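# Examining the three-dimensional arrangement
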Amino acid sequence: MKPYVSVIIAALNEEEAIGKVINDVPRQIADEIIVVDNGSTDHTAEVATAAGARVVTEPQRGYGRAFRAGVRSLSADCEIIVFLDGDGSDYPEMMNRLVEPIIKGTHDFVISSRTLGRREPGSMNWHQVFAGYMVGFFLRLLYGVRSSDMGPFRAIRRDALERLNMREETYGWPLEMQMKAARAGLRILEVPVDYRRRAGGQSKIAGTVFGSIRAAARILFTLARIAVRRQRTLPEYDR
């Protein structure tokens, strides 16, 4: 029997894109779709509800806070969690690439790589690509894990995520997950996915100089915080 798959979409002022993102989620894979409205001032919540998603409100802004709110709202039946951005830059229809290795039991955590896939011109700034490879360098140095990106589109076993004790509330959330997963010995797979320019609005990270600097600072802080605890403080994952 197919495991229960929950999709969590973080959204902040994404009324132009969120409807299509939800509609593109393959229903033969996803059993529930949760959109976390992270303090939007537009009609993101209304559009998401009309498209068939269950909307959860997290008024305190923060990328990690939004996803943590989604995790707290998961159905009790959920076994696999898919994380996805609500700006329309990811391709939800490629979700099978992330979920199937977990369903088959070969991996616990699957991360999308935008740098290995086909990227629409202008979809990623040079510093985003550089940051992905730099993070990959440190992951290999610290834990022996190969990585080329911090793609937001990812899937993980629910019980595996619960073991990671995630605490990051802002832009360091994806990196924290990758570092703690590597440290915990999860079976990690990176798969290429396509990537495009956002469907509307402005990026909260790459759209402004201040946003880019703030995100970079938080990511570096997260890297340093977790790296100083290199020993396996988490129990080895029970396969």
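## A closer look at the overall build of the protein
In terms of regular secondary structure, the protein is built from 8 helices and 7 strands. Of all 239 residues assigned to the protein, the portion counted as buried reaches 55%. The long-range share in the protein, meaning contacts at least 24 apart out of those at least 6 apart in sequence, stands at 78%. When the accessible surface of the protein is summed, it comes to about 11000 Å², and 53% of that surface belongs to carbon and sulfur atoms.

## Notes on the nonpolar core
Ranked by internal contacts, the top residues of the largest apolar core, which has 28 residues, are Val-7, Ile-9 and Ile-22. Secondary-structure elements contributing two or more residues to this core are strand S1 (5–11), helix H1 (18–24), strand S2 (32–37), strand S4 (80–85) and helix H4 (95–103). Discounting chain neighbours no more than four positions away, the residues touching Val-7 are Val-25, Ala-30, Glu-32, Ile-33, Ile-34, Val-82, Leu-84 and Met-95. Of all hydrophobic cores here, the second largest spans 26 residues; its members include Ala-66, Ala-160, Trp-173 and Met-177.

## Points about the pairing of strand S5 (residues 109–113)
Within S5, 5 of the 5 residues are buried, which leaves the element mostly enclosed by the surrounding structure. Side chains of S5 alternate between two faces, with Phe-109, Ile-111 and Ser-113 and Val-110 and Ser-112 buried alike. As defined by bridge partners, S5 adjoins strand S6 (residues 154–157) across 3 bridges and the pair is classed as antiparallel. Looking at S6, one finds that Phe-109 is bridged to Ile-156. Relative to strand S7 (residues 188–192), S5 is paired through 5 bridges, and the arrangement is parallel.

## A few points about the environment of Phe-153
Tracing the backbone shows Phe-153 in the loop between helix H5 (126–143) and S6. Looking at Phe-153, the relative accessible area reads 1%, which means it is buried. Residues Phe-153 and Val-82, spaced 71 residues apart in sequence, show a C-alpha to C-alpha distance of 7.3 Å. The residues contacting Phe-153, other than those within four sequence positions of it, are Val-82, Phe-83, Leu-84, Asp-90, Tyr-91, Pro-92, Met-94, Met-95, Leu-98, Ile-111 and Ser-112.

Rules of the game
- Residues numbered from 1 in each chain as written.
- Predicted model: local features only at pLDDT ≥ 70, side-chain atom pairs only at ≥ 80, totals over all residues.
- Heavy atoms only, no water.
- Helix = DSSP H or I, 4+ residues; strand = E, 2+ residues; numbered from the N terminus.
- Buried < 20%, exposed > 50% of the residue type's maximum accessible area, 1.4 Å probe, protein only.
- Contact = heavy atoms within 4.5 Å.
- Areas by Shrake-Rupley, 256 points an atom, 1.4 Å probe, with all protein chains shown as cover.
- Core = buried A, V, L, I, M, F, W, Y, C linked by side-chain atoms within 4.5 Å.
- Pairing = 2+ DSSP bridges.

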